[in-house]
Amino acid sequence: MTKHMPKELIIIGGGLVLAIIVGVVAFILGVNYRKKVAEAELGSAEDEAKRILSDAIKEAESRKKEALVEARDEIHKNRTEAEKEIKDRRNDVQRLERRVQQKEESVDRKLENLEKKEESLQAKIKDAEKKLNEAEIIKNSQFEMLEKISGYTAEQAKEYLLSSLENELIHEKALKINEYNQKLKDEADQKAKEVIACAIQKCASDYVGEVTVSVVPLPNDEMKGRIIGREGRNIRTLETLTGVDLIIDDTPEAITLSSHDAVKREVAKTALERLIQDGRIHPARIEEMVEKSQREIDAKIKQDGERAVLETNVHSMHPELIKLLGRMRYRSSYGQNVLQHSIEVANLAGVMAAELGADVALARRAGLIHDIGKALTHEIEGSHVKIGVDVARKYKENPAVIHAIEAHHGDVEPKTLVAFIVQAADAISAARPGARRENIENYIKRLEKLEEIANSFEGVEKCFAIQAGREIRVMVRPEIISDDKMTILAREIVNKIESELEYPGQIKVNMIRESRTTDYAK
């Protein structure tokens, strides 16, 4: 088969074998070269690693030596500080020991002094007991001598001394009571204001509720929501315009209006009733109704004032005073309507003036406006008497009328007949049974109880409750009750009245002691 191959193929085959052999040889030589290079690099890396390791060991040794030096320095420093601290504490301990030792020595000295004082005290006690015994012996001998000289036994002498001392004490007690009464009168006004203010803050009686609250009926409970309005705008508008608080609670078909000013409360009530009747409730309509109600109430106030003036036959009165009279229709005192009370006082004063021959017209005029200040007590500070005097002067009233207003509660001493008449008429109107929240049965029972309390004391001969129970006059037996004992008895009666009786205002206890001697010429 070889024999038949061409020559070119043989040459190509020989060249291919030769190339393969050359490639294998080259590959073997390359592998050997790379091996030698790798072994050379590996040897170099090992040498570098040995060098780095040697350098690291040297640096570690160096740092170790530095650390040891620093540690020795720190230890030396801490040791020095510890030794200093120990030394300081040792000094403190020594100082405390010295102080304790000094205190122990001081306590020992005090104990010694106390022992000496106790011994001295025991000696003084023995000496005092000895002297007390001697004094007792001397006292007994003196008592025996006094009994022989005076002719009284010790019990009789004691009774005599106590009797004398009791009389002196009664006199001293009466003086002290008078002194304290004067002091209390000086302080009473300020104390009364504080008590009344405190009572007003704490008290919520039926009377206060009646005179400060009005109730407006509603057609249905749905109306409450309409009165409140969206986000409360209707109720806020009404409260702002009238100055009255609206209380909307669980009470069915009713709204409560609360205010101490009866005129404002009446305006709010009238406006609210009109709004409920109209059905259109919004801020603009509320403002319109409040203005309309205000005008209506002002007109009604003027009519009431004119009616009072005509009813009492008082002429030529200033229009502003007439309006203030009408406002008193909405004021009450102890449950008594002030306008009706003023009309009653005017009529009473006119009748009394006619009986006494005084000026009837002047008495009626003074009686009608004596409480005019009560119409403005919600707006002006001060008592109604002072306000009334200022108003009367402002509108050029007669000086006699001004004086009657000023004196009707005893703020000043009455100096004219008209002032006395008005004062008496005011007391009569206020004290009339049933006029001021007290029925006739309770009124009579209170007077009987007042006289019963006064009669329960020894030495009381008679007593009379007068001025509708505002005063009680007590007549005592002069042979039993002395002048000094009268003061004490009056105080005891007052205390019993205060503890057992309920009454408005105050009660005056007037003591009367009268000695009479009768003889006949023959």
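Heads up: the structure comes first, above all this text.
Rules behind the numbers
Residues numbered from 1 in each chain as written. Predicted model: local features only at pLDDT ≥ 70, side-chain atom pairs only at ≥ 80, totals over all residues. Heavy atoms only, no water. Helix = DSSP H or I, 4+ residues; strand = E, 2+ residues; numbered from the N terminus. Buried < 20%, exposed > 50% of the residue type's maximum accessible area, 1.4 Å probe, protein only. Contact = heavy atoms within 4.5 Å. Areas by Shrake-Rupley, 256 points an atom, 1.4 Å probe, with all protein chains shown as cover. Pairing = 2+ DSSP bridges. Axes fitted to C-alpha atoms, helices over the stretch in contact; angles between N-to-C directions. Expected span 1.5 Å × (residues − 1). Salt bridge = Lys/Arg side-chain N within 4 Å of Asp/Glu carboxyl O. Core = buried A, V, L, I, M, F, W, Y, C linked by side-chain atoms within 4.5 Å.

This part is about the overall build of the protein chain. Counting its secondary structure elements, the protein chain contains 15 helices and eight strands. Out of the 522 residues belonging to the protein chain, those deemed buried represent 28%. Long-range contacts, defined here as pairs at least 24 residues apart, represent 60% of the contacts in the protein chain between residues at least 6 apart. On the protein chain, roughly 36,600 Å² of surface is accessible, and the fraction owed to carbon and sulfur atoms is 54%.

Moving on: the sheet that holds strand S3 (residues 254–258). Reading across from one edge, S1-S3-S2 is the order of the three strands in this open sheet, with antiparallel pairing throughout. The sheet terminates laterally at strand S1 (213–217) and strand S2 (245–247), the two strands that pair on one side only. The sheet shows a mean angle of 25 degrees between the axes of neighbouring strands, direction not considered. Examined bridge by bridge, S1 and S3 share five bridges and lie antiparallel to one another. Bridging from a neighbouring strand, Val213 pairs with Ser258 of S3.

On to helix H7 (residues 283–312), then. Residues separated by three or four positions in an α-helix point in the same direction, a consequence of the helix having 3.6 residues per turn. For H7, built from 30 residues, the straight-helix expectation of 44 Å at 1.5 Å per residue is met to within 8% by its first-to-last C-alpha distance of 43 Å. Taken together, the buried positions of H7 are Arg285, Ile286, Met289, Val290, Ser293, Ile297, Ile301, Asp304, Gly305, Ala308, Val309 and Thr312. Of the surrounding elements, those touching the buried residues of H7 are helix H5 (233–242), helix H6 (262–278), helix H8 (319–327), helix H9 (338–356) and helix H10 (360–368). Downstream of H7 by a residue or two, Asn313 has a phi angle that is positive, lying close to 60 degrees.

Here we come to the pattern of salt bridges. Going through the model one piece at a time under the given rule, you end up with 19 salt bridges. With a closest N to O distance of 2.3 Å, Glu296 and Arg274 form a salt bridge. Of the two residues, Glu296 is situated in helix H7 and Arg274 in helix H6; the sequence distance between them amounts to 22 residues. Residue Glu296 is classed as partly exposed on the basis of its relative accessible area, which comes to 29%. Between Glu288 and Arg285 there is a salt bridge, and its shortest N-O distance comes to 3.1 Å. Of the two residues, Glu288 and Arg285 both sit in helix H7, three residues apart, roughly one turn of that helix. Look at Glu288 and you get partly exposed, because its relative accessible area is 44%. For Arg285, a relative accessible area of 12% translates into the label buried. The network of salt bridges with shared partners includes Asp278, Arg280, Arg285 and Glu288.

Further remarks concern the sheet that holds strand S8 (residues 508–513). Backbone hydrogen bonds are what pair the strands of a sheet, in a parallel or an antiparallel way. Taken in spatial order, the three strands of this open sheet run S6-S7-S8, and their pairing is mixed. Looking along the sheet, the strands with just one partner apiece sit at the ends: strand S6 (460–466) and S8. Geometrically, the sheet is characterised by an average inter-axis angle of 20 degrees between neighbouring strands, direction not taken into account. Note that strand S7 (residues 471–476) and S8 share six bridges and pair parallel. Bridging from a neighbouring strand, Arg473 pairs with Asn510 of S8. Its contacts with the sheet place helix H15 (residues 483–500) against S6, S7 and S8, and it is angled at close to 150 degrees to S8.

Along H8, the residues classified as buried are Leu321, Ile322, Leu324, Leu325, Gly326 and Arg327. Next to the buried residues of H8 lie H6, H7, H9, H10 and helix H11 (384–394).

Ranked by internal contacts, the top residues of the largest apolar core, which has 34 residues, are Met317, Leu325, Leu368 and Ile369. At the level of elements, H7, H8, H9, H10, H11, helix H12 (399–407) and helix H13 (417–431) are the ones that each hand at least two residues to this core. In contact with Met317, other than residues within four places in its own chain, are Val309, Ile322, Leu325, Arg365, Leu368 and Ile369. Grouped together as the second largest cluster of nonpolar side chains are 25 residues, Leu246, Ile255, Leu275 and Tyr330 included.

Attention shifts here to the pairing of S3. Taken across its five residues, S3 has four buried, putting it largely inside the fold. Across three bridges, S2 lies against S3 in antiparallel orientation. Looking across to S3, one finds that Ile247 is bridged to Thr256. The antiparallel pairing of S2 with S3 creates a hairpin that spans six residues between the two strands, and Glu253 there sits at a positive phi of about 55 degrees.

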